[in-house]
Amino acid sequence: HYYLATAMEDSASIGARREGANLPDYPPTLCLSDLQLVADDSALVRGPRVTVPLPVQTLGADQALVIAFEAYNLARDIRGQARARVRATIREMPDPTDLRQGKGNISRGGGLFGRPRTAGVITTEFSDVVRSSTLTRTFAVDVSALVAGEYEVEVVVEDEGTGLDTSAKTSFVRKLELAHPK
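Caption draft 1: A look at the overall build of the chain. Across its full length, the chain holds one helix and 12 strands. The buried share of the chain, taken over its 182 residues, is 34%. For the chain, the share of sequence-separated contacts (at least 6 apart) that also reach a separation of at least 24 residues comes to 68%.

Laid out in structure tokens, this is it:
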């Protein structure tokens, strides 16, 4: 059983509160944490990088997409190592107000009625070896070719020892203005 304790202090008094919390165990099968989008410069150590959460999930034109996650219960080989293949896919989310969705060149090609568009999908893949059953990774994806809009990120982790895979999704908004004006 875990407890969360908080303390508040003002000029006149100090108050404290302690509350119990039940944290569920991870299932015994391969699973993936929530995806965390992070700022490039930061203060939380996670894996080999120092990261800061990006709670607004909005990227300016000068920002890279940096994704952090953990995969649990990877199968270990006789040397105690686990091998995983990671695939991240970024897709443009459909605009629910665009009545032209799926109508060929007008909605997907830009130009006459719209802004110039990319293919709308970016995929990156890599393999990793860890000396435990948990893979903790932070990695960047180049999204400079993406136009302004809302995107979905899906990360799939495949345990190469068992062939099982698991996935998680999140979303972000890309703006074309600079995030840090000079």
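Caption draft 2: Up close: the sheet that holds strand β12 (residues 165-174). One open sheet holds the five strands; their spatial order is β6-β12-β11-β8-β9, and the pairing between them is mixed. Every other strand in the sheet has two partners, leaving β6 (58-59) and β9 (121-130) as the edge strands with one partner each. Where strand β8 (residues 82-92) lies against strand β11 (residues 149-159), nine bridges are found, and the strand directions are antiparallel. If you follow Val-86 over to β11, its bridge partner there is Val-157.

Caption draft 3: Looking closely at the pairing of strand β2 (residues 14-21). Little of β2 sits inside the fold, with zero of its eight residues counted as buried. Looking at chain direction, strand β1 (residues 2-9) and β2 are connected through eight bridges and run antiparallel. Its bridge partner lying in β2, Leu-4 is registered against Glu-19. Counted along the chain from β1 to the antiparallel partner β2, the turn is four residues long.

Caption draft 4: The arrangement of the nonpolar core in detail. Among the nonpolar cores identified, the biggest contains 29 residues, and Leu-65, Ile-67, Phe-69, Ile-90, Val-155 and Phe-172 are the most heavily contacted of them. Going through the elements one at a time, β7 (65-72), β8, β9, β10 (135-141), β11 and β12 are the ones with two or more residues in this core. Of all the elements, β8 adds the most residues to this core, at five residues. Leu-65 has contacts with Leu-37, Leu-59, Ile-90, Phe-139, Ala-140, Val-141, Val-143, Val-153 and Phe-172, leaving out every residue within four places of it along the chain.

Caption draft 5: Quick peek at the side chain of Thr-136. Structurally, the position occupied by Thr-136 is in strand β10. Thr-136 sits in the buried class, given a relative accessible area of 19%. A polar contact of 3.5 Å, which involves the side chain of Thr-136, links it to the side chain of Glu-70.

Conventions used here
Residues numbered from 1 in each chain as written. Predicted model: local features only at pLDDT ≥ 70, side-chain atom pairs only at ≥ 80, totals over all residues. Heavy atoms only, no water. Helix = DSSP H or I, 4+ residues; strand = E, 2+ residues; numbered from the N terminus. Buried < 20%, exposed > 50% of the residue type's maximum accessible area, 1.4 Å probe, protein only. Contact = heavy atoms within 4.5 Å. Pairing = 2+ DSSP bridges. Core = buried A, V, L, I, M, F, W, Y, C linked by side-chain atoms within 4.5 Å. Polar contact = N/O pair within 3.5 Å; in protein donor to acceptor, adjacent residues only side chain to side chain.

Taken by themselves, the reported measurements are silent on function.
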